[in-house]
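# Survey of secondary and tertiary structure
As a plain string of letters, each chain reads:
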Amino acid sequence: SNEHAERIVKDKRVSKISFTGSDKVGWKLKGLCGKKRITLELGGNAAVIIDEVIPKNLNLASIAQAVAKSAFLYAGQICISTQRVLVHKKHYKNFTSELIKASKELYLYNNSSNLEELSHCQELIIGPIISLDDAKRIMSWCEEATTMGAKEILNLKSQHKHIIAPKIFTETTSEMKIASDEVFGPICTLETFEDINQAFESVNRSRYGLQTGFYSDSLEHMKRAFRDLEVGAVIMNGPPAFRVDTMPYGGIKDSGFGREGVKYAIEEMTETKLLVY
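Residues numbered from 1 in each chain as written. Predicted model: local features only at pLDDT ≥ 70, side-chain atom pairs only at ≥ 80, totals over all residues. Heavy atoms only, no water.

Quick look at the overall build of the protein now. When you go through the protein residue by residue, the secondary structure sums to ten helices and twelve strands. Relative to a compact globule of 277 residues, whose C-alpha radius of gyration would be 19 Å, the protein shows 20 Å and is just as compact. Dimensions of the protein along its principal axes, counting C-alpha atoms only, are 65 × 50 × 35 Å. The burial tally for the protein puts 46% of its 277 residues in the buried class. (Helix = DSSP H or I, 4+ residues; strand = E, 2+ residues; numbered from the N terminus. Rg over C-alpha atoms; globule rule 2.2 N^0.38 Å. Buried < 20%, exposed > 50% of the residue type's maximum accessible area, 1.4 Å probe, protein only.)

As structure tokens, this is what we get:
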């Protein structure tokens, strides 16, 4: 409970706090912990950029398949799940078609209303939402976006109240929750850009900054992405939903404070001490 968590954070016997959860709770805990060390992993609304020139060993179909999987795996309930897709205008029409196709293929196995049956499906990618309250929240955010002018270009149906079929929206604005907040569900937005600076600015408008995926064959653009994107990691030629335990994992802005990953977690939990002899 919140009460127990607060008591643990304030207890003098506890010298280090590590929290994974919402930014609202995380920053409150940071305010309560005083002089103690704290690591916060607070999620985000990760973006992926598809540049004008893509690597020669990739094509729009393979990129769309990777993006769809990273957006809808575990029903989008991952901190680095792809939520915002930014595509150069040169590829927008073809990529949109490929993304819709790939998303439909991922959802092929969600044809049962029986959760027990679905739980034994090895091919299942888009499973149930963690709670009915969260499912209702996600659907209300989608309805809000539609009311505000967003266009839903993928609207599949679900036979179970715990499962939300993948949804893709275009013509979104930063005032819409599905574009500005962390949906934590199988929802992504799709927008276009003409100049790479527009894409970088769009990513940075978010109050979150965890990870960004960037498909490009330009070394110059890669360097600029690493320099200018306000995120904890840039994943080149892959979606943002990538993590291995040896990497320094964490974000900036409302996405968190400190870094996870074996070596980096040890450093976060270590007080440096010096002996001069």
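From this point, the narrative continues.
For the rest of this paragraph, the subject is the state of the cysteines. Taken as a whole, this structure holds zero disulfides when the rule is applied. This cysteine, C79, is not joined by any disulfide, and C188 carries the nearest cysteine sulfur, 18 Å off. A relative accessible area of 16% places C79 in the buried class. C142 supplies the cysteine sulfur nearest to C188, a cysteine that is in no disulfide, at a spacing of 11 Å. Overall, the relative accessible area of 1% leaves C188 in the buried class. (Disulfide = S-S within 2.5 Å.)

On to the environment of T147. Mapped onto the elements of the fold, T147 is located in helix α6 (residues 132-147). The spacing of T147 and S81 is 66 residues in sequence and 25 Å in space, taken between C-alpha atoms. Polar side-chain contacts of T147 include one of 2.9 Å to the backbone oxygen of E143. (Polar contact = N/O pair within 3.5 Å; in protein donor to acceptor, adjacent residues only side chain to side chain.)

When two helices pack together, their arrangement is given by the angle between the helix axes and the distance between those axes. Taken N-terminus to C-terminus, the directions of helix α1 (residues 2-10) and helix α2 (residues 23-32) make an angle of 35 degrees; their axes are 9 Å apart at the nearest point. Like other packed secondary-structure pairs, α1 and α2 cross with a definite hand, here right-handed. Contact with α1, carried on its side by E6, V9 and K10, involves K28, L29 and L32 of α2 and no other residues of that element. When grouped by side-chain class, the residues that make up the contact of α1 with α2 number three nonpolar, no polar and three charged. (Axes fitted to C-alpha atoms, helices over the stretch in contact; angles between N-to-C directions. Left-handed = near helix turned anticlockwise from the far one by under 90°. Contact = heavy atoms within 4.5 Å. Nonpolar A, V, L, I, M, F, W, Y, C, P; charged D, E, K, R; others polar.)

Moving on: the packing of helix α3 (residues 60-72) against helix α4 (residues 92-106). Here α3 crosses α4 at 50 degrees, and the two axes come no closer than 8 Å. When the interaxial angle is binned, α3 and α4 end up oblique. Taken as a pair, α3 and α4 cross one another with a handedness that is right-handed. Mapping the contact onto sequence places L60, A61, I63, A64, Q65, V67, A68, K69 and F72 in α3 and N94, F95, E98, L99, A102, S103 and L106 in α4. (Parallel < 35°, antiparallel > 145°, perpendicular 65-115°, else oblique.)

Residues D23, G26 and L29 constitute the buried set of α2. The buried residues of α2 occupy an angular sector of 125 degrees when the element is viewed end-on, so they sit on one face. Of the exposed residues in α2, those oriented more than 90 degrees away from the buried face are K24, K28 and G31. Structurally, α2 contributes buried residues whose contacts are with α1, β1 (16-20), β2 (37-41) and β8 (208-209). One or two steps after α2, the chain reaches G34, where phi turns positive at roughly 65 degrees. (Arc of directions from axis to C-beta.)

One open sheet accounts for three strands, arranged β1-β2-β12; its pairing is mixed. In this open sheet, the two strands that pair with only one neighbour each are β1 and β12 (256-257). Here β1 pairs with β2 via five bridges, running parallel. Bridging across to β2, T20 finds its partner in E41. Sheet strands in contact with α2 are β1, β2 and β12, and its direction is about 175 degrees off that of β2. (Pairing = 2+ DSSP bridges.)

Turning next to α6. Compared with the 22 Å implied by 1.5 Å per residue over 16 residues, the 22 Å span of α6 between its first and last C-alpha is a close match. Buried residues of α6: A135, I138, W141, C142 and A145, and no others. The buried side chains of α6 occupy one side of the element, clustering within an arc of 125 degrees when seen end-on. Opposite the buried face of α6, by more than 90 degrees, sit the exposed residues D133, K136, E143 and T147. In this structure, the buried residues of α6 make contact with β6 (167-170), α7 (177-180) and β7 (187-193). Where α6 terminates, the next one or two residues include G149, which has phi positive at roughly 115 degrees. (Expected span 1.5 Å × (residues − 1).)

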